[in-house]
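Examining the three-dimensional arrangement
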Amino acid sequence: MSLIDLIDKKYRIISIVGMAKNAGKTVTLNHIIQEAIYRDITLGITSTGRDGESQDVVTNTEKPTIYVMEGTLIATTSEFLGMGDAKVEIIEVTDFSTPLGNIVIGRVKEEGYVQIAGPQTSSEIKQVSERMLEFGANIIIVDGSLNRVSSAAPSITEGTILATGATVSRNVNKVIEETMHKTNLFRLDEVKDSEVRLEIEKCIADKKTCLIKDNMDVEQLDIRTAINCGDIIASHIDEDTRYIVIPGSLVKKTVEDIIMYTRKYKDVKFVVEDGTKIFIDAKSWLRFSKQGFNVEVLNGIDVIAVTINPYAPQGYYFNPKEFLDKMETYLKDVPVMDVML
C-alpha cells in the first residue's frame, strides 16, 4: 500500500512531522506529491517553518527541494513567493503576518520549485488550510518544522505522518526506541467519560490547571503553568481527586516533583490536550509508568504512517532493508515505509 492510499478520501488535512532535523520530512512530502500526480489529486501545501530551500540555513547541508505541479495550492510568505521558479497566481493575501511578509495563498500556474514558510500560530495554520480546501485542494499537507510537532495536534490536522531516521542516533535501537515512544505518546488513551471531557475542555480553554473530584467538583489551581509547580499540584491531591488537567506542557520535572511530594498520584489520572504536549524522554516515561503515574489525553493523534530515512547527514547510515524490517517488527500496528526503497 502506498502513502497516498493511506491518505486519499480518509483525511482532508494531514501533517508531516519529524523526530529530528534531516529525518526525511521533505522526501516524504515529495513522494506524496508524486503519488498525487498519478491520482489527479490537487494538493495544498504549507509549513510551520521554512522548507524547500536547497541548503539548510542552520547546518549548511544540502536539502531536498520541493517541486510542485500546475494546479497545486500553496500558502507561503510574500517574500518566499518569488524564491522558487514555479509561476504562482496569488489568490488571496491573508492578514497573517510573519517576519518574511504576510501569508499569501496561491495556485501554481506553471510547475517548478517553491519555497514554503507558513503561518506562525496553530490557529492560522488551521485557517489557511481550510481556505486552500475552499479554493479546491483535495488534501492539505502541513509540513512541520524542526521540533514543531504541534502541527500533529488534532486541533490542526486530522492525521500525521511521523518521519524518523538515522539522524536521531547512531544506535539503531535508540532510533527505534525513540520512535516507538513518540508514536505511543501520540496515541495515548483518550478520556472516555463524556461528563469529565466537558470539564477538561473548559480547563484547557481557560488555560487553568484543574483537579476534578469524584463528585465532579472542579478546583482550579492558582498557578500560571504546571512547569516548576509539581510540588503545588501534589499538595492539592487528596483521596477524592480523580483527574488533574494540565492545560499546557507536561515535562519531566513536574512529574518528578509530584512523585516526590505525594504518593496519592497513583490514584489519579493526569490529562493533557494531546500527545504533542508531553516533553518527556522514553526512559523517564517508562520509569514514571512503572511508578504508577497515569496519563491520558483529551484527543488522541491518528498516526497514518512512519517513514524512515536510514541515512544521516553526519556521514553514517543503517542498512536500509534491515532498518525497515526492524522498525516494522516493533511498530506492528503502524505502517512503516522507506519511500526510497
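Before reading further, recall that the structure is shown in the block above.
Residues numbered from 1 in each chain as written. Predicted model: local features only at pLDDT ≥ 70, side-chain atom pairs only at ≥ 80, totals over all residues. Heavy atoms only, no water.

Let's shift gears to the environment of E130. On the secondary structure map, E130 appears in helix α4 (residues 122–134). On the basis of relative accessible area, E130 is assigned to the partly exposed category, the value being 23%. On a C-alpha basis, the gap between E130 and G44 in space is 9.8 Å, while along the polypeptide they are 86 residues apart. When neighbours within four sequence positions are excluded, E130 is seen to be in contact with R12 and I13. (Helix = DSSP H or I, 4+ residues; strand = E, 2+ residues; numbered from the N terminus. Buried < 20%, exposed > 50% of the residue type's maximum accessible area, 1.4 Å probe, protein only. Contact = heavy atoms within 4.5 Å.)

Attention now goes to the sheet that holds strand β5 (residues 73–77). Taken together, the 9 strands give an open sheet; going across it, the order is β6-β7-β5-β2-β10-β1-β11-β19-β20, and neighbouring strands pair in mixed fashion. The open sheet has two free edges, formed respectively by β6 (87–98) and β20 (336–337), since each of these has just one partner strand. Alignment of β6 against strand β7 (residues 101–110), held across 8 bridges, turns out to be antiparallel. Looking across to β7, one finds that I90 is bridged to G106. Strands β1 (13–18), β2 (43–47), β10 (139–143), β11 (159–165) and β19 (303–309) of the sheet are contacted by helix α2 (residues 25–39), whose axis makes an angle of about 150 degrees with β1. (Pairing = 2+ DSSP bridges. Axes fitted to C-alpha atoms, helices over the stretch in contact; angles between N-to-C directions.)

Taken as a whole and judged by the stated rule, the model has 26 salt bridges. Of the charged contacts in the structure, one is a salt bridge between D333 and R187, with a shortest N-O distance of 3.2 Å. Here R187 lies in the loop between α5 (172–186) and α6 (194–206) and D333 lies in the loop between α10 (320–330) and β20, a separation of 146 residues in the sequence. By relative accessible area, which is 30% here, R187 ends up partly exposed. Here D325 makes a salt bridge to K321, at a shortest N to O gap of 3.0 Å. Placement of the pair is D325 and K321 together in helix α10, with a separation of 4 residues, close to one helical turn. With a relative accessible area of 48%, K321 lands in the partly exposed category. Because the salt bridges share partners, they merge into one network encompassing D5, D8, K9 and R39. (Salt bridge = Lys/Arg side-chain N within 4 Å of Asp/Glu carboxyl O.)

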